[in-house]
Number of protein chains: 4
Amino acid sequence: MALKTGQEYIESLRQRNIKVFMFGERVENPVDHPIIRPSINAVAMTYELANQPEYEDLLTATSNLTGKRVNRFTHLHQSTEDLVKKVKMQRLLGQKTGVCFQRCVGMDAFNSIDSVTYEIDQKYGTEYHQRFRKFLAYIQENDLVVDGAMTDPKGDRSLPPSKQADPDLFLRIVEEREDGIVVRGAKVHQTGIVNSHEVLVMPTIAMREEDKDYAVSFAVPTDAKGLFFIYGRQSCDTRSLEEGDIDKGNAKFGGQEALTIFDNVFVPWERVFMCREYDFAGLLVERFAGYHRQSYGGCKVGVGDVLIGATAAVAQFNGVEKASHIKDKLVEMVHLNETLYSCGIACSAEGNRTASGTYLINLLLANVCKLNVTRFPYEIARLAQDIAGGLMVTLPSEKDFRHPELGKYVEKYLQGVAGIPTEDRLRLLRLIENMTLGRAAVGYLTESMHGAGSPQAMRVVIARQANMEKKKELAFELVGIEK
Amino acid sequence: MALKTGQEYIESLRQRNIKVFMFGERVENPVDHPIIRPSINAVAMTYELANQPEYEDLLTATSNLTGKRVNRFTHLHQSTEDLVKKVKMQRLLGQKTGVCFQRCVGMDAFNSIDSVTYEIDQKYGTEYHQRFRKFLAYIQENDLVVDGAMTDPKGDRSLPPSKQADPDLFLRIVEEREDGIVVRGAKVHQTGIVNSHEVLVMPTIAMREEDKDYAVSFAVPTDAKGLFFIYGRQSCDTRSLEEGDIDKGNAKFGGQEALTIFDNVFVPWERVFMCREYDFAGLLVERFAGYHRQSYGGCKVGVGDVLIGATAAVAQFNGVEKASHIKDKLVEMVHLNETLYSCGIACSAEGNRTASGTYLINLLLANVCKLNVTRFPYEIARLAQDIAGGLMVTLPSEKDFRHPELGKYVEKYLQGVAGIPTEDRLRLLRLIENMTLGRAAVGYLTESMHGAGSPQAMRVVIARQANMEKKKELAFELVGIEK
Amino acid sequence: MALKTGQEYIESLRQRNIKVFMFGERVENPVDHPIIRPSINAVAMTYELANQPEYEDLLTATSNLTGKRVNRFTHLHQSTEDLVKKVKMQRLLGQKTGVCFQRCVGMDAFNSIDSVTYEIDQKYGTEYHQRFRKFLAYIQENDLVVDGAMTDPKGDRSLPPSKQADPDLFLRIVEEREDGIVVRGAKVHQTGIVNSHEVLVMPTIAMREEDKDYAVSFAVPTDAKGLFFIYGRQSCDTRSLEEGDIDKGNAKFGGQEALTIFDNVFVPWERVFMCREYDFAGLLVERFAGYHRQSYGGCKVGVGDVLIGATAAVAQFNGVEKASHIKDKLVEMVHLNETLYSCGIACSAEGNRTASGTYLINLLLANVCKLNVTRFPYEIARLAQDIAGGLMVTLPSEKDFRHPELGKYVEKYLQGVAGIPTEDRLRLLRLIENMTLGRAAVGYLTESMHGAGSPQAMRVVIARQANMEKKKELAFELVGIEK
Amino acid sequence: MALKTGQEYIESLRQRNIKVFMFGERVENPVDHPIIRPSINAVAMTYELANQPEYEDLLTATSNLTGKRVNRFTHLHQSTEDLVKKVKMQRLLGQKTGVCFQRCVGMDAFNSIDSVTYEIDQKYGTEYHQRFRKFLAYIQENDLVVDGAMTDPKGDRSLPPSKQADPDLFLRIVEEREDGIVVRGAKVHQTGIVNSHEVLVMPTIAMREEDKDYAVSFAVPTDAKGLFFIYGRQSCDTRSLEEGDIDKGNAKFGGQEALTIFDNVFVPWERVFMCREYDFAGLLVERFAGYHRQSYGGCKVGVGDVLIGATAAVAQFNGVEKASHIKDKLVEMVHLNETLYSCGIACSAEGNRTASGTYLINLLLANVCKLNVTRFPYEIARLAQDIAGGLMVTLPSEKDFRHPELGKYVEKYLQGVAGIPTEDRLRLLRLIENMTLGRAAVGYLTESMHGAGSPQAMRVVIARQANMEKKKELAFELVGIEK
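Residues numbered from 1 in each chain as written. Chains lettered and ligands numbered in written order. Predicted model: local features only at pLDDT ≥ 70, side-chain atom pairs only at ≥ 80, totals over all residues. Heavy atoms only, no water.

1. Let's talk about the packing of helix α10 (residues 376-388) of chain C against helix α14 (residues 439-450) of chain C
What describes two packed helices is the angle between their axes and the distance between those same axes.
All names here are of chain C.
Part 1: At a closest axis distance of 9 Å, the pairing of α10 and α14 adopts a crossing angle of 160 degrees. As far as their axial angle goes, α14 and α10 are roughly antiparallel. The element α10 and its partner α14 pack so that their crossing is left-handed. On α14, the residues that touch P377, Y378, I380 and A381 of α10 are Y444, L445, T446, S448 and M449.
Part 2: In terms of residue class, the contact of α10 with α14 is built from seven nonpolar, two polar and no charged. (Axes fitted to C-alpha atoms, helices over the stretch in contact; angles between N-to-C directions. Helix = DSSP H or I, 4+ residues; strand = E, 2+ residues; numbered from the N terminus. Parallel < 35°, antiparallel > 145°, perpendicular 65-115°, else oblique. Left-handed = near helix turned anticlockwise from the far one by under 90°. Contact = heavy atoms within 4.5 Å. Nonpolar A, V, L, I, M, F, W, Y, C, P; charged D, E, K, R; others polar.)

Right under this line is the structure:
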């Protein structure tokens, strides 16, 4: 059976021998580490929901490789309907976790590498596509989590890879052997990598011939020799180490990013999917980024639903839910959130078949989608803070609330509408803090800005895709200017 | 043959004996009136493109009533694909005319009345649906233009119809006869009505029992006895009376709105589609408004394409097209425009079948679409003015430019980049003036604000459709609050 | 006595023999031309209010040149209090006219030329300052209107003056004679020039040595030989030619811009204030632009007051003044308008004395002020259209309303709240149309964008004035980075 | 000598016997507590700068009560110049600390209570004003920090004080004795109270007769019997407990809020400044809020300067400082920040003398100022995150960086532009994290939203102060409508 349960997934992580460092120490048991575990729980939801009949249509698909039912996160999109379902699945998971559930980068890497390897093979007579599909069938069969790794450190951003002071600031091939290649470098802010079974690497920018050693794509297990991870800090990360569950805001779920270092890692040929075909690096980046920009039109919308719901509930607990300015702000939050969703749906519904048979989103609209994602969650968060009130950032700690003497005062003075437990009010305020300033804000805000590329990257694609000359002709036609 | 040519359409308008007034006088020949004709030309494009093979797929459809090929503007949407094509057709027409082409209100009225009459009949055993489909088959067969008339004058907006000082401030049934009904009242700012063969009337708000005489829907020819029109003024309307074509900005195309008065108009029963079923008035308004709010995600995007193209061309003629701030503003214009389009596509792709078989858009997303339309065209217009430069509002007249002596000075001093004719620059600047301050601004800006309902109307629907309780539960689930 | 009445001003205009062209014909009597007269009325208000005791403190000042009471529009600012009063005077005049009253460009030119000529003389031992002050004393004594003329046509904006295909695309010295200089070129969109007694010319950009013939400042009467004007078209300009006063929106007042051509105009030396001192061209532009960007923090705010008032009144006439969303939008309009005012006040209160003794505004804040002016009036106008409703652009004409038969229908169906005359409602809607799409929109919107420089010009100054290195040091200090 | 040094201030705090609780335990030594100390350091800067000659003019003033030089934070504003200097002092302190320095609430309470007590005495013949000035002279003489305490818990916000389920949800007089009064209740999110010598209490809303027991103003020392504090949690508060200084972002400075409980506190009559004069409660709230809304036009601007500087420096370290989109965003940040400053200056320059002689800001403009503060810092923070890049939220910990082995990898792979130490880059990124998500974000964002009142509170005042009837008259005058 290709579908694991959430528990099976978690257990499978224990089998790996991965090297993770946090706060200057190696983490011996990442699976049960209180900072890491919430992020594992979020990934586990991609398994749990796949086993629930009501979500089967969204969470699973019939593999075009094997004909079996597989988790949609491992599926190659075979239609625009698949593209639309992807977005709906992501919204659902955002709603169920309130955080980044991390498994999208792999899915987006699969789909982009699939069509690009096909096109490389067409041009160069290579066999990357067949290698890749074999790899993917293995992933589907074992229902694995794969981190799609793109972003290099980049050093001085005004210089290309081969001109950096340190040649390793972009990941590169340092040796070619009979049985494979050896790579060195790093990938920064890798989402969910510590919770992944495999890492699937791609180049991060378009390249020219002098950068060809940097044009490389491959997969290795996350416990491959030479590979290790330094865990990234998040705002309020250490609250996950504290007792109690109120102050954590979202005690069960969290996101994860890590600095990933490839310190001379060997990759056998059957796991190499691009090797110096530098003229395809830009295309791969564009497609992966396109898929991932679509993704944000799903996941962030689901997270937005949670934030809107929490805010509406706080308004109710404060006794102001009927105030017209409160209702108006809630409508604005919904409006912005659904605008993002509309963009996610539209770039999917307007997708197209690539040569490999895998479907690609509409690139212009996917970039428009993500550019809105760099704006609206910030405004939704601002409105959430407006409605929630200042208490969100001045609340006493859970320990004060639990204290036999002090607790009575907290209970008494932080009571909202009569009849609603003060504790419920505290819990919601802490959730809003978590989502707008704390651990989840990293995913909902900063990652909305930079994940899948920073705003300027979208603007460049939009400029290229806008067909401005066609638009000029429309105007010339109307005023009678001959071209 | 069900498809007329543009010319046939124009000729067919001459057959009517309609009563139109403008500037205090009756217009004897509306078809050739220089202020009216541009608006007729815009409607005629809905015929012309339907006869061009390259646009056949968008502009025509196979009627579910007759099985014949009909103009899509007269079609009942049979699938979400039909809904998507509607939006694409509207974008195309916006691109080809740069103005409101007026035929959408009829299309949106057909589709909403179709499903609502079906549901009225289900409840009350009436026969409205069959009557309506017979009427529509006639429209399709003859490829007619129908004005969908909803907006009543409304008088004191804080009062319902039956409480107004003058009972006629909402259109109402004043007499019921054996062979039909007599109605009195008015519909304000009726788009394209003078260019229509028929008018299809709907109520304008949800109603209660005391307002039941106002719950009426019917169709009459635009030259029915008792029906007359007072032409609405538009900004710069009289430029259409001037010689020359530069100062008009868009000399060939324009929009149209008129105050439409029903001064005791008789309607035979076979043309009556709702008669006092007040409990369905709100539903009809909601559906018509929904379809029409979707429409704006198509037509205004097409008009936006023209404005963006004109602006990019002016930048080129001014020698600043490569300046980074200019490029950035053009990208922003495209981004906003494509966000509107995404909303138009999304509410279509997410549509659903109604009981009558006709497809309805996703109401939440259609309202989100239109709410964005009340904002982004204004910002696009502002950016167009930014890039175009102040010359747009200080240009000498075409007569100065054509003058044998003065013209040389205008030519000399208003030259932009060498090699581009000064006249081309003037033409584009006048087009931008037309679209941001002149005749077309009425449609691109103010109508974007109020057409299909003012912003607050969308907010009310969004609030209702948002399912806030479900969102609260998502938050409760995450923080462990029991309902 | 140095103060003219409004009527004396108007009569004084008749004495000039100026050459104005409009619609390809010479205007024999500009003072009584129905398109021009509203703009003259607006200027006349700067005289009328100066004669009213309640406004004396704002509209007049004691000349530092003569010790006499003069119109503040001819005054050199002697303190920050003078700078603040300037802004308040401008707001008042915006409130009283609802349009651009045109006399500020001269005032801003006086103040900038005063300090710059002083500094040129300091460097080069020239006598421009004394010449200029003599000229200004004459202006004060006779209470004249002076157009400050800066903007050249500029042709290809990517090229400097001396590199243009046509050397006249920037105004330049074509001959130097014993008694003066001869200049050729044009100044575009000259505000109020046809209503001015004199024109005071300045260069339009910073210059290098090769452009030194373009570095010229001087004054000539508007009826100087070789000088002529081609009147600029405004949106809805010809409504001023129609009968009646409703459709004009603001029948009494209007703005004015004209293409101004210097066709070999002779200037005697005593009227020359800069002659090839190219290294001071940029400084003069910066100061003039700075003063004029301050001005917009006054005049546009006053115009905004009128628009807000008209909108609030229409809301009242529609019966919706108490609706919370209406109140909220009105508050937003006020908020944006007062933010502009705050910027106008702040750059004045933070002004400084220049070497000549004349006070200069704070340049950073004046540019911030104007950058906001390129945004907020558009949003205020959008909100005005939101509240006013679509009727604003679909109203029948005044002739329909005055028609003995039709008028009854217009009266009946366009009635708002009972008791308010329909005519009053029409008048206000036409005023809002005038201010957001018509004649006054040219001043309130497009001129807010481009007058005193387009947005990018402000951004360049803000970047230069921001002292970013100081800000970096603040951050370095906090985190302990040694410079 | 009336001016303490920073060190003397800190030592003086040790003399108090105050009861502070944090994480369920009493804090024995608040002065040296690592979470509290940064907030004390911020207050201490108000002392240190007052002793530096270059800041003497801003940080000190001559007392109108004693004629001595006092810290401006204890001064009654005697002129609009004083009001302007207040704003400049606040900007300076924001620049020097990057956080909320907490001493403004006391200053704003002094000034509002001063004029209001004068007016109460005028009406009721009471002696509050004299009592208050005596109290203030003592504060000035001893250069003390006073917390101005306004915000009550409020419970169900739809109910007035006397209608709450628990009567203590607003602070109230529970007993009146010969020698004074006894009060009970709480004040939430009290800024800097643990660092204060005294607390000066005011009512939080306008009241009616039935609420008169809640209309009370008084001062007590922070170690008064019955008074205690529960420390509020901030995002990332426990980073202050960690070793090292990088991850703290701003290791030296921080803000502070605490839940303050008055558990039957006795106040002697000479410290009571309002006692049941409920008709003055609203006036006091309005004035205090007005002053405090002005304050935000200074302090938040100074903090913004730091954030802008940090962002510009990161851009430089990333090698992108010259990219046009980066420059453009930095200009936008400056523009928004200086708009806030303009509002702070304008409401000060337009201030007026009250009956007591103390100067009051312009209330309309102060509310406009604060309403902008609820918006622009969020956008500035968003732009800071845009420019800073995603690394800000995925950086390894300082311990990883200091680790002998791991540190080399962090050093190598997080290098930016060659030549800039990686550590400097980390420090700046952590500062931006601190200001947009961490401890300082509480002050820069959420407090900007709610401090001195939430946005709706400003909108209510703006509506009241806007003089809408005057604006309507301006419109009526222009279109010829008789009132």
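The structure having been displayed, the exposition proceeds.
2. Brief notes about the pairing of strand β11 (residues 257-268) of chain D
Residue and element names in this part refer to chain D.
Part 1: Where strand β7 (residues 180-191) and β11 come together, ten bridges link them in antiparallel fashion. In the sheet register, K187 faces β11, and the bridge partner there is T260.
Part 2: Here five bridges tie strand β10 (residues 227-231) to β11, and the two strands are oriented antiparallel to one another. Bridged to F228 within β11 is I261. (Pairing = 2+ DSSP bridges.)

3. Let's talk about the interface of chain C and chain D
Part 1: With 59 residues of chain C in contact, the opposing surface of chain D contributes 59 residues.
Part 2: Where chain C abuts chain D, roughly 4900 Å² becomes buried across the two surfaces, and 68% of that area is made up of carbon and sulfur atoms.
Part 3: For the salt bridge of E321 of chain C with K472 of chain D, the shortest nitrogen-to-oxygen distance reads 2.6 Å.
Part 4: At the boundary of chain C and chain D, one finds 20 residue pairs in polar contact (both at pLDDT 80 or more).
Part 5: When residues of the side of chain C that touches chain D are traced back to their parent elements, those giving at least two are α4 (80-97), α7 (281-318), α8 (324-349), α9 (363-373), α13 (422-436), α15 (455-465) and α16 (468-479) of chain C. (Buried area = accessible area lost by both parts, 1.4 Å probe. Salt bridge = Lys/Arg side-chain N within 4 Å of Asp/Glu carboxyl O. Polar contact = N/O pair within 3.5 Å; in protein donor to acceptor, adjacent residues only side chain to side chain.)

4. As for the interface of chain D and chain A
Part 1: Taken together, the contact pairs 81 residues of chain D with 81 residues of chain A.
Part 2: Buried area between chain D and chain A, both sides added, is near 6500 Å², and the carbon and sulfur share of it is 60%.
Part 3: The largest per-residue losses of area from chain D upon contact with chain A belong to R233, R382 and Y413 of chain D, which jointly make up 13% of the total buried on that side.
Part 4: At the boundary of chain D and chain A, one finds eight salt bridges.
Part 5: A salt bridge links D166 of chain D to K412 of chain A; the shortest N-O distance between them is 2.9 Å.
Part 6: Ranked by the residues each element gives to the side of chain D that touches chain A, the list is headed by helix α14 (residues 439-450) of chain D, at six residues.

5. Considerations on the relation of the copies chain D and chain A
Part 1: For the pair chain D and chain A, the best superposition has an RMSD of 0.0 Å and corresponds to a rotation of 180 degrees with a translation of 0.0 Å parallel to the axis. What the superposition gives is, in effect, a two-fold axis relating one chain to the other.
Part 2: Most of the interface of chain D is mirrored in chain A: 100% of its interface residues are interface residues there too. (Least-squares fit on C-alpha atoms with pLDDT ≥ 70 in both.)

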